[in-house]
Structure formats: C-alpha cells, structure tokens
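Close look at the chain arrangement
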Amino acid sequence: METHIKEQDNRVVDVKNLFISFRTFKGYTKVLNGVNLHVRRKEKIAIVGETGCGKTTTVYAIAQILAKQARVDGGEIFFKGRDSLRMNEKELKQLRASGISVIFQDPIASLNPVFTIGDQMAEVIRYSGIEGARDPRVQRERTVAALRETSLPDPERLMENYPFQLSGGMRQRICIAMSLATPRDLVIADEPTTNLDVTIQDQVLKILRQRVEEKQSALILITHSLGVAREVADRIYVMYAGNMVETAGAEELFRECLHPYSRGLMSCIPKLSGGGIASGIPGHLPSYYAPPPGCRFEPRCPHAMPRCKQAMPPMYEAAPGHCVACYLYERGTSA
Amino acid sequence: MILKILKRVVSYLLVLLGLSVFVFILVRVMPGDTARLALGPRAPEETVQALRREMHLDKSIPVQYYYWLKGILQGDLGTSVISKRPITEDIAFYLPATVELALLSAIFMATFGILLGVTATKYSEKWPDAIIRVLSYLGIVAPAFLWAVLAMLLFAYLIPILPVSGRISAGIAPPVTRTGLYIVDYLLQGNFAGAWDAFRHLVMPAIVLSFGGISQSARICRASMVSNMEKPYAAAERAYGIPENKILYKYLLKPSLNSFISVTALDIAMLFGGAYLVESIFNYPGLSRYGLTAMLNKDVFAVSAVMLVDGVIVIGFNLVTDIIISFLDPRIRYSSST
C-alpha cells in the first residue's frame, strides 16, 4: 500500500476518466471516451493507435492547448497533483512556462515562418521563468547551449536563420532543442518523425530520447508505429477510438499483447523473416457522432460477445502492470 | 534585393509608358471639341481654329502623342484651357491637398484595419467579431458619398462640431507653402491654431474616405490571422506560455500582413484619384475634383495629366508595397526569383 502511495506521488500527469467532444456542423463528436493515463517522473511512455483515435486530443488536453471547438465533458487531468482543468490563470501560466512543452508533428509549420530561430527560442526562454529569463545574454547562452546539445552544427549561425532555410530534420531538432532549452517536467512529442525522411527519423528519435533522459523530463510520445514506441518508451498505451485499450511495459507488450486490437496492430508490423504482407484489421474506426454504446472495437472484433455491445469493459489487470480493457480477461474467464 | 527592386522599377516604367499611350488615346476619342468648349459657343470660328492649331489638335493622333510626350519629358504638361494656367502649376496646387487627405485616410485605414482585424480574430465567432463583421460589410457595400452625407448630417448639422467644406475656415490666412500640406506648413510656422483648423476640416472627409478601406483591411486581416491561428506554431507559442496579446500582435500579425498590406496599399493609392465624389461633396480642392472638372470640360491635357499622376502614384504604391512586404517576409526577401 505504501508503495502505491509513493507511486501516486511520483505521477507527473494523471488523467482520470477523461471525456472530450468536439462541436461540428453536424453536432458533437464524442471523441475521448473515458481516457485513463498516467506518466511518472522521468518515465517515457508512448501512445500508439491509428490516425483519428484521439491520441492528439488526449495530449492537447494535457498541455491545455485544445481547439476552441473542444468541450471537456468529464474527468480530471492532474498535473503534479493539481487538476489542470480547474487551474487559474497564474497556475496555467506556470504549467506552460516550466511544466509542459510540446513538439509537433509538422516541423515545417511548427516554427513561425517570419522570425529567426534565435528570436523564437529567446522568446520561449523569456517566458520560462528561469533565473534571468529576461536578460538577453542569458537567452542567447541558453539558446546556443540547447542547439549545441541537440547536435546542431554552428548554433550561432543557425540562430540568424529563418525556418524555411533549414531542412525538415534540422527544424525538428530545433523544436526538440526549444522544448528542452529550459527544464520541463514533461515533454509531449506528437508524431515527431512522421513528416521526416525515413533516413533521419531514427536520428531524430535518438536525439529526442537522449535529451529527455539528460534533462530528466518525462516524455509522452505519440506514434502510430509500434516499432517507434518500442525504441523510445518504457511503457506503451494502445489507444483505440477514444479509449486506452491496453497498457504494459514495452518489452512485456511485445512479448504478449492481449487486446484483440493490439494483436491486430502487432500483426501489421512487417517481419523480415517473411510471412507475406501484413493482414491488417478489417473495418475502420467507428463514427464519433454515434459511437457504439459498448466496446468501441466490438464491430471489428473477431472475439465479440453479446455483452460487448452493452457496456465498455473496464481495465482488467491481466498481469502486474499489464492492463487490458476487454471482457476476455475478466477474472475467472480464460482468454 | 536592390537588383530586384531595380528590375521592378524598369518594368514599372514600361507600364507607365503603356499607360500614357492608353490615357492619350482614351482622352482623344472622347466626344466633344476641346477648343470649342474652351472658348464658348459664341467665339468666332477663326479663333477656335487658331487654338486648335496651337494645341496641335489638328494633327493626327500619333503626331499629337509625340508633341505631348516631348512636353512631358521636358516637364511641361500643357496648359489647361479652363484655368488658363500651366497644368504643372494646377497640379502643384491641388495634389498636396489630396496627399494630405489621403495620408490621414491611410493612417485611419491602417490603424483601425489592424485594430479591428486583430480584435475580430481575438474574439472570433463571438459577439465582437459579429459586430465588426456587420460594420465592415456596411463599409464595403455602402458607397463613400453616402457616409459623407450622413457624417455631414451628424457632425455638422445635428451636432455642429466640424466644418463641412474647404481646407481652412474663411478669414484664416493659408500658410506659407513649403510642403503644400496645410497641417505641416502651419506647424512649421508654429501656427497651432491654423494646424488645428486645417485638421478639423480634414478629419470628416478623411474618415468617410477611409471607411471602405478600413472594412476591407479588417476583413483581410482577420481572415489571414484566423487561418494562421490554426497553424501549429500558434499552438506552440501558446503552449510555451507566451502572452496571448503578444502572440496576436507580434507572432500572428506579422505573417498575416502580406495580403493586408497589398490590399490596403491599393485602397490608399485609389484615394488619390478616386475621391471625386467625396472631394466634391466636401468642396475640398483636391486633385480628384480638379480631374472631374477637367473631364466635364474636355480639358484634354489636364485630364491626361491627372490620369498620369494617378498612374504614377498607384505604381509608386505598388513598389513601396513590394519593398515593405519583402522586409516583413524573409521568404520573399531571400528568394532569388522575382
């Protein structure tokens, strides 16, 4: 019990039963359907799932940068023990200044096109609340250091450049440098390598992991590739249609994944040892306007049972630290 | 960069040459006999013939064009048959008045265009945005002369606080001409009462003239800012805790200014030649009103001169716009192609 409390205290982010919907022309889309997620101090987690499953919505909610159309219908998001949905302006400012930083999917669009790299990084440092944040000399030193640590060559010259003068890989490394120029409790990386050349994806991921480890931040990595998740994360969440369907340590998940959806995802990874083209999962994501009332994977699930239609299954702990939201793993039922 | 501007200047000079041909022909093919109109219906035929010869109106159009262009290159725009003065002198008198009016309008346009545009962005889809939208549609659909009449009714008749016509009140001596801009000239003389009087005369027509431009620039400004707001960099700036107003006025406004500046600069350029009705209603001695009178009297040289001056102004504004935009946007500044 004591260890449990200690573990709770170590949580940087603790999302509890989060429901979010978006206003559209046709009505509200119920995207997040009771998401539970936590990240401990210095822990690196990955959220894996297909496009449109709510990964980005989840982390935008954590970083408090949801679009205006989004509505939180229920749940709590604890950041270092405080509910960020009920924070006042001052606390939110603190959260943004030194709590969380976000690296976006598209390195081309995530830097302002008409300001130099140096100006943009200095501005981030200026509002980070570190000592001497308003001193241009401190800003410059920090910027140079951050760029150098991200193994970018010739930081002084780089600072004078505009984003469009740099390659995608360099820009993404600058985003990483920016996100870690000052201490952060949590870094969120939203598919940071999706828009990059395959040849530099690996390099950027390595830099991201190294930097997060050096700075002792926690990391949430969003990806649709289980391979990328395994390379970076200690623990993996599998997300499907607004629900976390399975979570386990990275190695554990690769040894044995339990949820029918995770199994489908796993079979999509091409294997060098042959076995033909991956089979994929038949069907597609359900409509968020009128999602299935029970388990949202039920329409595509090869193991669907009548009760799956009635209510979303809760998380069952199938093995220590390995949880799965599927009636197949209810205590007393064999898989 | 300098090479690029030089290239632009050369191409604009060619445009000007083309414009001069166009203007010249357009004015000559208008119906009406210049010499006869100038001298009146009772003038003897011989006198009219003599004037025609003097103005080279009896020659073929290409020959007339040659004489005209030669005159322009020597700084001679011809003589107005109405005012009987060299047109260069007329323009030197009327143009500063228009410049003064257009500059004040331009200041209103840029300031309120940006303020309203940013406010509409900040509260997009909320009630301030809705009010600004309705106001700007009004400004776009209703012509300036309607606002002129309404403004006169309101500020000169119902609440008589502003004068309705002219550049200065009767009984006040005009300033010694240095720039031709009355406010500036009075200030240079240290005559603050005069400057204030000139400003009071200017403010109503300037607001009325800027109304359409403000509406358009506010719409354009809002449109490009709202679309830039969706970009990840805006989300990133917010996520890093940069204050909302700084994001709006610095990080979103600067990349959104390109279309705003292009549209506003054209609107401003249009004020120099397109303020006929407002200048007439306010009895303001500007270039547009001079051009209108010249046109009604088929004063060929004066009309051509006014159109040419307007052309130079529009082209000048285009050039300035190009330069401003390339200073704001490094992608244009550093691109090698034109």
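Residues numbered from 1 in each chain as written. Chains lettered and ligands numbered in written order. Predicted model: local features only at pLDDT ≥ 70, side-chain atom pairs only at ≥ 80, totals over all residues. Heavy atoms only, no water.

Another aspect to go through is the overall build of chain B. Counting its regular elements, chain B contains 15 helices and zero strands. Counting only C-alpha atoms and orienting by the principal axes, one finds that chain B spans roughly 85 × 55 × 40 Å. If you take every contact in chain B between residues at least 6 apart in sequence, the share linking residues at least 24 apart comes to 71%. For chain B, the accessible surface area stands at approximately 16700 Å², while carbon and sulfur atoms represent 71% of it. Across chain B, the mean location of the 29 positive side-chain charges is 6 Å away from that of the 22 negative side-chain charges. (Helix = DSSP H or I, 4+ residues; strand = E, 2+ residues; numbered from the N terminus. Contact = heavy atoms within 4.5 Å. Areas by Shrake-Rupley, 256 points an atom, 1.4 Å probe, with all protein chains shown as cover. Lys, Arg positive; Asp, Glu negative; His and termini not counted. Charge placed at Lys NZ, Arg CZ, Asp CG, Glu CD.)

Time to look at helix 6 (residues 127-141) of chain B. The terminal C-alpha atoms of helix 6 of chain B lie 21 Å apart, and with 15 residues this matches the ideal 21 Å at 1.5 Å per residue to within 8%. As for helix 6 of chain B, its buried residues are in contact with helix 5 (87-122), helix 7 (144-158) and helix 9 (192-229) of chain B. (Expected span 1.5 Å × (residues − 1).)

Now for the packing of helix 7 (residues 168-179) of chain A against helix 8 (residues 198-214) of chain A. When two helices pack together, their arrangement is captured by the angle between the axes and the distance separating the axes. All names here are of chain A. For the pair helix 7 and helix 8, interaxial distance at closest approach is 10 Å and the crossing angle is 10°. In terms of orientation, helix 7 and helix 8 fall into the roughly parallel class. Along the contact surface, helix 7 presents G169, Q172, R173 and I176, while helix 8 presents I200, Q203, V204, I207, L208 and R211. Here the residues of the contact of helix 7 with helix 8 are counted per class, giving five nonpolar, three polar and two charged. (Axes fitted to C-alpha atoms, helices over the stretch in contact; angles between N-to-C directions. Parallel < 35°, antiparallel > 145°, perpendicular 65-115°, else oblique. Nonpolar A, V, L, I, M, F, W, Y, C, P; charged D, E, K, R; others polar.)

This next bit is on the nonpolar core. In terms of nonpolar packing, the biggest core is built from 100 residues, with L37(A), I62(A), I220(A) and I236(A) touching the most fellow members. Those residues within four positions of I220(A) in sequence are excluded, and the remaining contacts are L37(A), V39(A), I45(A), I47(A), V59(A), I62(A), L186(A), V187(A), I188(A) and A189(A). With 62 residues, the next largest nonpolar core counts A35(B), W147(B), A206(B) and V309(B) among its residues. (Core = buried A, V, L, I, M, F, W, Y, C linked by side-chain atoms within 4.5 Å. Buried < 20%, exposed > 50% of the residue type's maximum accessible area, 1.4 Å probe, protein only.)

As a further point, take a nonpolar patch on the surface. Residue and element names in this part refer to chain B. The grouping of F145, L146, L150, L153, L154, F155, Y157, L158, I159, I161 and L277 at the surface amounts to a nonpolar patch, some 1000 Å² of accessible area in total. Element by element, the count of residues in the nonpolar patch is highest for helix 7, at eight residues. Relative to the helices and strands, L146 resides in helix 7. (Patch = residues over 30% accessible without salt bridge, like charges linked within 9 Å, V, L, I, M, F, W, Y side chains within 5 Å. Salt bridge = Lys/Arg side-chain N within 4 Å of Asp/Glu carboxyl O.)

All right, on to helix 3 (residues 45-54) of chain B then. Residue and element names in this part refer to chain B. Of all the residues in helix 3, the buried ones are V48, L51 and R52. Along helix 3, the residues classed as buried sweep out an arc of 105° about the axis, all on the same side. Among the exposed residues of helix 3, those pointing more than 90 degrees away from its buried face are E46 and E54. Against helix 2 (34-39) lie the buried residues of helix 3. Just downstream of helix 3, H56 is the residue with a positive phi angle, here 60°. (Arc of directions from axis to C-beta.)

Here we take up the environment of G40(B). All names here are of chain B. Structurally, the position occupied by G40 is in the loop between helix 2 and helix 3. Look at G40 and you get buried, because its relative accessible area is 17%. Sequence separation of G40 and N258 is 218 residues, and the distance between their C-alpha atoms is 52 Å.

Once that is clear, we can look at the environment of D267(B). All names here are of chain B. You can see D267 is positioned in helix 11 (residues 244-274). Through-space distance from the C-alpha of D267 to that of E244 is 30 Å; in sequence the pair is 23 residues apart. Those residues in contact with D267 that lie beyond four places of it in its chain are M109, G213 and Q216.

Right, let's get into the domain arrangement of chain B. Residue and element names in this part refer to chain B. Taken domain by domain, chain B holds domain 1 (2-73) and domain 2 (93-332). With 22 residues of domain 1 at the interface, the matching set in domain 2 holds 16 residues. A combined buried area of about 1800 Å² lies between domain 1 and domain 2, and 77% of that area is made up of carbon and sulfur atoms. Applying the counting criterion to the domain 1 and domain 2 interface returns one salt bridge. Across the pair R8 and D322 runs a salt bridge, and its minimum N-O distance is 2.5 Å. Secondary structure elements with two or more residues in the side of domain 1 that touches domain 2: helix 1 (2-29), helix 2 and helix 4 (61-73). Broken down by element, the residue count for the side of domain 1 that touches domain 2 peaks at 13 residues, all from helix 1. Class assignment for the residues of the side of domain 1 that touches domain 2 results in 15 nonpolar, three polar and four charged. (Domains from an automatic or database assignment. Buried area = accessible area lost by both parts, 1.4 Å probe.)

All names here are of chain A. Take E246: it is sitting in strand 10 (residues 243-249). R263 is the oppositely charged side chain nearest to the buried, salt-bridge-free E246, at an N-O distance of 7.1 Å. Here L258 takes part through its backbone nitrogen, which lies 2.9 Å from a polar atom of the side chain of E246. There is a polar contact of 2.9 Å between the side chain of E246 and the backbone nitrogen of H259. (Polar contact = N/O pair within 3.5 Å; in protein donor to acceptor, adjacent residues only side chain to side chain.)

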